[in-house]
Amino acid sequence: MSSEELKPVKIALVSCGSEYSGVQPEFESAADKVNAKFVYPEIDIAYMDTISRDFGLEVASGDLRLMMARAKAVVEGTTNVDGVFITTCFRCAEGAIVRNEVRRYIHKNSSVPVISYSFTERTSAGTLLTRLEALTTIVRHKHLLTREIQSGLTAGIDSGSTTTKAVVMKDNEIIGKGWVPTTKVIESAEEAYSLALKEAGVSIEEIQALGTTGYGRFLVGNHFKAQLIQEEITVNSKGAVYLANRQKGSATVIDIGGMDNKAISVEDGIPGMFTMGGICAGASGRFFEMISKRLGVDITDFGAMAVKGMQENVFMNSYCIVFGIQSLVNSLAKGASPEDVAAAACYSVVEQIYEQQLQEVDVKEPLILVGGSSLIEGVPKALTKLLKLNVLVPKNSHLIGAVGAALLASGFVDE
Amino acid sequence: MAKVFIYPANSLILADLIERFGHKPLVIMNQIREKVTSISLDSPPLNITPEDPKLGLRYAAIEVPPGVRGRMALIGPLIEAAEASIIVENPPTNFGCVGCNRTNELMKYLIRSKGVPVLEIKYPELDEEAHDFVSKIVEFLKSLPKEKLGHDEKVADKEPSEKETGK
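Predicted model only: the values in this text are computed from it and were never measured. (Residues numbered from 1 in each chain as written. Chains lettered and ligands numbered in written order. Predicted model: local features only at pLDDT ≥ 70, side-chain atom pairs only at ≥ 80, totals over all residues. Heavy atoms only, no water.)

**Some words on the nonpolar core**
All names here are of chain A.
Turning to step 1, where the next piece is worked out: The biggest cluster of nonpolar side chains holds 68 residues, and the ones touching the most others in it are Val 84, Phe 85, Val 102, Ile 106 and Leu 132.
Turning to step 2, where the next piece is worked out: Ranked by the residues each element gives to this core, the list is headed by helix H4 (residues 62-75), at 7 residues.
Turning to step 3, where the next piece is worked out: Each of domain 1 (3-140) and domain 2 (145-233 + 400-414) contributes no fewer than three residues to this core.
Turning to step 4, where the next piece is worked out: Setting aside residues up to four positions removed in sequence, Phe 85 forms contacts with Ile 11, Ala 12, Leu 13, Val 14, Phe 27, Phe 38, Ile 115, Tyr 117 and Leu 128.
Turning to step 5, where the next piece is worked out: Formed by 36 residues, the second largest nonpolar core is a distinct cluster that contains Ile 353, Ala 382, Leu 386 and Leu 389. (Core = buried A, V, L, I, M, F, W, Y, C linked by side-chain atoms within 4.5 Å. Buried < 20%, exposed > 50% of the residue type's maximum accessible area, 1.4 Å probe, protein only. Helix = DSSP H or I, 4+ residues; strand = E, 2+ residues; numbered from the N terminus. Domains from an automatic or database assignment. Contact = heavy atoms within 4.5 Å.)

Structure follows, in C-alpha cells:
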C-alpha cells in the first residue's frame with residue numbers, strides 16, 4: 001500500500017443530523033473501508049443565528065443552518081479537509097433545498113470535491129462505498145486520473161450487474177473485446193476476458209496490467225490479481241471522455257447501467273459532482289430488457305423499433321418498474337403500436353434520469369451517453385429531445401468501464 | 001412535583017428553572033445519556049440504531065424522514081410522560097435546539113394536543129422582557145401541583161433520575 005493509501009482522507013460530514021437517524025455507523029463503516037475519516041467543521045454557535053442571512057437561504061431547522069455554516073468553514077479554509085460529504089434525510093424538502101445549494105456553493109467557491117446523498121434509515125455502508133471510494137480516489141489519485149493515453153499492453157474488466165465486459169488495449173488502441181451476460185461473477189469475467197484475449201491474439205501472461213471495475217470489481221480483481229480495482233464513477237468518467245475524445249474541458253457523462261444510473265460532471269477527465277442510483281429499476285437498463293421481452297423483440301432490435309415510434313402516443317411513467325409494465329400492458333390493450341411503446345419506454349427512462357439525477361449535477365456540454373443502454377437508438381434520441389442538447393454516443397460506448405480500467409491500469413505499466 | 005416537558009427540548013436554562021421550583025424537567029439529554037451509557041449497543045455517537053426511527057413510527061408515519069422519527073424516538077416518550085409544558089418561541093440556538101424544525105413542529109403539536117397545562121412564551125430580546133419572561137415561567141411553575149414530592153428544598157440538589165424521564 002502506498003503512503004497515499006495509508007494516510008486517511010479527511011472528509012467533512014455536512015449533514016442534517018444523521019446521528020439521529022440510525023445510519024451513522026454505516027457512514028463510518030463505509031469511510032473506514034476506504035481509509036477516510038469524517039470530521040465536523042467547528043463553528044461558533046452564535047454564527048448559527050446569522051448564517052441564514054450570510055448565506056442567503058433562510059431555513060428554520062438548526063441543523064440545516066449548521067450545514068450552511070460548515071460549508072462556509074470549508075470554503076473559507078477555517079477547516080482543512082480533502083473532501084465533503086453532504087447528506088440529508090430522504091423525503092425532506094427543506095433538507096433537499098439546503099443539500100443542493102450547499103453542494104453548489106462549495107463546488108463554485110472551492111476545489112474541494114463534494115458528493116451529496118439523501119439517506120433513509122436503511123442506507124447501508126455498501127450503498128455509500130462506491131461514492132466514498134470515488135471521492136477518496138479523486139483526492140488520492142489525481143495524478144492517475146490525468147492519464148490521457150493508454151500505453152503498453154493492458155486489459156480492463158467491467159463486472160456489471162447485467163453484463164460483463166472486457167477489453168485488451170495496446171498502444172492506445174482496443175485490440176480485443178468481450179461482452180457476456182453476467183451470471184456467476186468470476187465465470188462471466190473469465191469468459192469475457194478470454195474472448196477479449198482471443199480477439200487480441202495475446203495470452204493472459206503477456207498482459208502488463210489489469211484494471212477491474214463494476215459491482216464485481218473486488219471479487220474479479222482479486223481473482224485475476226489486478227493492479228487496479230476501482231469504482232465505476234472514476235473509471236467511467238475517464239473511459240467516457242477518452243472514447244469521446246473530450247479529455248480537456250467540461251463534459252457530462254450519463255451512464256445508464258443495468259441496475260443503476262450515474263450522472264457525472266467531469267472537468268479535464270476528473271469527476272466533480274456525481275449522482276448514482278435511481279429510485280427503481282424502472283429508470284435503468286433493466287426496464288428496456290423487460291419491455292423488449294414483453295414486446296417479443298430482441299434487445300438489439302429494440303432501439304431501432306423505438307426510433308420509429310412516437311412517444312407522445314403512449315403514456316408511460318416508469319418511476320416504478322411495476323407501474324411501467326402496467327402502462328405497457330394497458331397501452332398494448334388499447335391498441336398502441338409496439339414502436340410507440342418502445343419510444344415511450346426510452347423517453348420514460350431518460351425522463352427519470354432527468355428528474356432524479358440531472359437536477360443534482362451541473363449539466364455541461366458535451367453530454368456523453370454511455371453504458372449498454374446507449375446502444376438503444378431510441379435512448380439518445382429521447383435524451384436529445386428532453387434536454388435539447390446534442391448527445392454524444394462514442395464508439396464502443398458499452399465498453400466504457402473496461403476501456404477506462406485498461407487506460408488507468410496502464411499507469412501501472414510505467415511504474 | 002410535575003413532570004414538565006420543555007421546548008427547546010434540550011434547554012439547560014429552562015431545565016434549571018424547573019428544578020429550582022421543585023418540578024421535574026423532561027429533557028432530551030437524559031434520554032441520550034441513557035442511550036450512550038447502555039451496554040450492548042454500538043452505534044456512536046448517540047447510539048441511535050435503525051430501530052429508533054422505527055420506534056418513532058409511534059409518533060410519525062413512514063413517509064416522515066428518519067431524522068424526525070429518530071428524534072421522536074427520544075422526545076416522544078417525554079411528551080407521553082409530561083404533566084405540563086413550557087414552550088419558548090423563537091429562541092436563539094444557544095438557548096436550545098434539536099436541529100430539525102419538522103421535529104419541532106411535531107413535538108409542539110403533540111404537547112399542545114395532550115391537554116396538559118402549557119405556557120407559551122416568546123424569547124425575550126430586551127432586559128425588561130427578560131424579567132417578564134422569568135416571572136411568567138416562575139408563576140406558571142408555582143401554579144403546578146407539588147404534593148407528590150413534598151420536600152422542595154432537596155430538588156435542586158437531586159440528580160435527575162433517568163427512570164423518571166418517561167421511559
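**What about the sheet that holds strand E3 (residues 83-89) of chain A?**
Residues and elements named next belong to chain A.
Turning to step 1, where the next piece is worked out: Taken together, the 4 strands give an open sheet; going across it, the order is E2-E1-E3-E4, and neighbouring strands pair in parallel fashion. Each end of this open sheet is capped by a strand with a single partner; those strands are strand E2 (36-39) and strand E4 (114-119). Taken over all neighbouring pairs, the strand axes of this sheet differ in orientation by 30° on average, direction set aside.
Turning to step 2, where the next piece is worked out: Relative to E3, strand E1 (residues 9-15) is paired through 5 bridges, and the arrangement is parallel. Bridged to Val 14 within E3 is Ile 86.
Turning to step 3, where the next piece is worked out: Contacts between H4 and the sheet are confined to E1 and E3, with E1 contributing the most and set at about 150° to the helix.
Turning to step 4, where the next piece is worked out: Its contacts with the sheet place helix H5 (residues 93-109) against E1, E3 and E4, and it is angled at close to 170° to E3. (Pairing = 2+ DSSP bridges. Axes fitted to C-alpha atoms, helices over the stretch in contact; angles between N-to-C directions.)

**Details of the pairing of strand E4 (residues 118-122) of chain B**
Turning to step 1, where the next piece is worked out: Along E4 of chain B, the buried face is formed by Leu 119 and Ile 121 of chain B; none of Val 118, Glu 120 and Lys 122 of chain B, which line the opposite face, is buried.
Turning to step 2, where the next piece is worked out: Following the chain from strand E3 (residues 84-89) of chain B across helix H5 (residues 101-112) of chain B to the adjacent parallel E4 of chain B, one finds a crossover that is right-handed. (Right-handed = clockwise from strand over helix to strand, strands pointing away.)

**Brief notes about the interface of chain A and chain B**
By a frequent convention, interface size equals the accessible area lost on bringing the separate parts together.
Turning to step 1, where the next piece is worked out: With 26 residues of chain A at the interface, the matching set in chain B holds 29 residues.
Turning to step 2, where the next piece is worked out: For the pair chain A and chain B, the summed buried area comes to about 2,000 Å², and 58% of that belongs to carbon and sulfur atoms.
Turning to step 3, where the next piece is worked out: The largest share of the area that chain A buries against chain B comes from Tyr 20, Arg 91 and Glu 121 of chain A, three residues that together contribute 35% of it.
Turning to step 4, where the next piece is worked out: Our count for the contact surface shared by chain A and chain B stands at 3 salt bridges.
Turning to step 5, where the next piece is worked out: Where Glu 121 of chain A meets Arg 69 of chain B, a salt bridge forms, and the shortest distance between an N and an O atom there is 2.9 Å.
Turning to step 6, where the next piece is worked out: The interface formed by chain A and chain B includes 12 residue pairs in polar contact (both at pLDDT 80 or more).
Turning to step 7, where the next piece is worked out: Residue assignment for the side of chain A that touches chain B shows that the elements contributing at least two residues are helix H2 (24-33) and H4 of chain A.
Turning to step 8, where the next piece is worked out: If you tally residues by element for the side of chain A that touches chain B, the top one is H4 of chain A, at 4 residues. (Buried area = accessible area lost by both parts, 1.4 Å probe. Salt bridge = Lys/Arg side-chain N within 4 Å of Asp/Glu carboxyl O. Polar contact = N/O pair within 3.5 Å; in protein donor to acceptor, adjacent residues only side chain to side chain.)

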